[in-house]
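Residues per chain are reported as follows:
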Amino acid sequence: MALVVDTSVILAVVLNEPTKAVLIRLTTGADLIAPLSLHWEIGNALSAMLKRKRITEAEAQQALVKIPQDQGMTLEQQITYALRSFARE
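(A) The arrangement of the overall build of the protein in detail. Summing up its helical and strand segments, the protein has 5 helices and 2 strands in all. Once local pairs closer than 6 in sequence are excluded, the contacts in the protein between residues at least 24 apart make up 72%. For the protein, the exposed area adds up to about 5600 Å²; of that, 58% sits on carbon and sulfur atoms.

(B) Layout of the environment of Q77. When you line up the elements, Q77 lands in helix α5 (residues 75-87). Q77 sits in the partly exposed class, given a relative accessible area of 43%. Between the C-alpha atoms of Q77 and I33, which are 44 residues apart in sequence, the distance is 8.4 Å.

(C) Focus on the packing of helix α1 (residues 7-14) against helix α2 (residues 20-27). Packing of α1 against α2 leaves a shortest axis separation of 8 Å and a crossing angle of 120°. As judged from the angle between their axes, α1 and α2 are oblique. Crossing geometry of α1 relative to α2 is assigned as left-handed. Counted together, V9, A12 and V13 of α1 and K20, L23 and I24 of α2 form the full contact between these two elements. Of the residues that constitute the contact of α1 with α2, the class distribution is 5 nonpolar, no polar and 1 charged.

(D) Representation of α2. The complete set of buried residues in α2 reads K20, L23, I24 and T27. Down the axis of α2, the smallest arc covering the buried residues is 95°, so these residues share one side. Seen from the buried face of α2, the exposed residues on the opposite side, beyond 90 degrees, are A21 and R25. Phi turns positive one or two residues past the end of α2, at G29, with a value near 85°.

Calculation notes
Residues numbered from 1 in each chain as written. Predicted model: local features only at pLDDT ≥ 70, side-chain atom pairs only at ≥ 80, totals over all residues. Heavy atoms only, no water. Helix = DSSP H or I, 4+ residues; strand = E, 2+ residues; numbered from the N terminus. Contact = heavy atoms within 4.5 Å. Areas by Shrake-Rupley, 256 points an atom, 1.4 Å probe, with all protein chains shown as cover. Buried < 20%, exposed > 50% of the residue type's maximum accessible area, 1.4 Å probe, protein only. Axes fitted to C-alpha atoms, helices over the stretch in contact; angles between N-to-C directions. Parallel < 35°, antiparallel > 145°, perpendicular 65-115°, else oblique. Left-handed = near helix turned anticlockwise from the far one by under 90°. Nonpolar A, V, L, I, M, F, W, Y, C, P; charged D, E, K, R; others polar. Arc of directions from axis to C-beta.

Next comes the structure, spelled out in structure tokens:
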């Protein structure tokens, strides 16, 4: 089954929001897809969260490190890899 995930799903997982465990459970075994603009949307969302003082600069940097960058993987593979990695945390 394919599921579309957006920036809010990715950020909830990487920032350890209360919904993290549920999101991982709901996406386990699914083929995850996302808009091609996801990387820019994540950067924009983290920037907005910093400006509103919801997160610190260190938290934003940690979130960015957790999101895999293109290493010969499609965006869908990167998202799946990231969410599976967070499930082990």
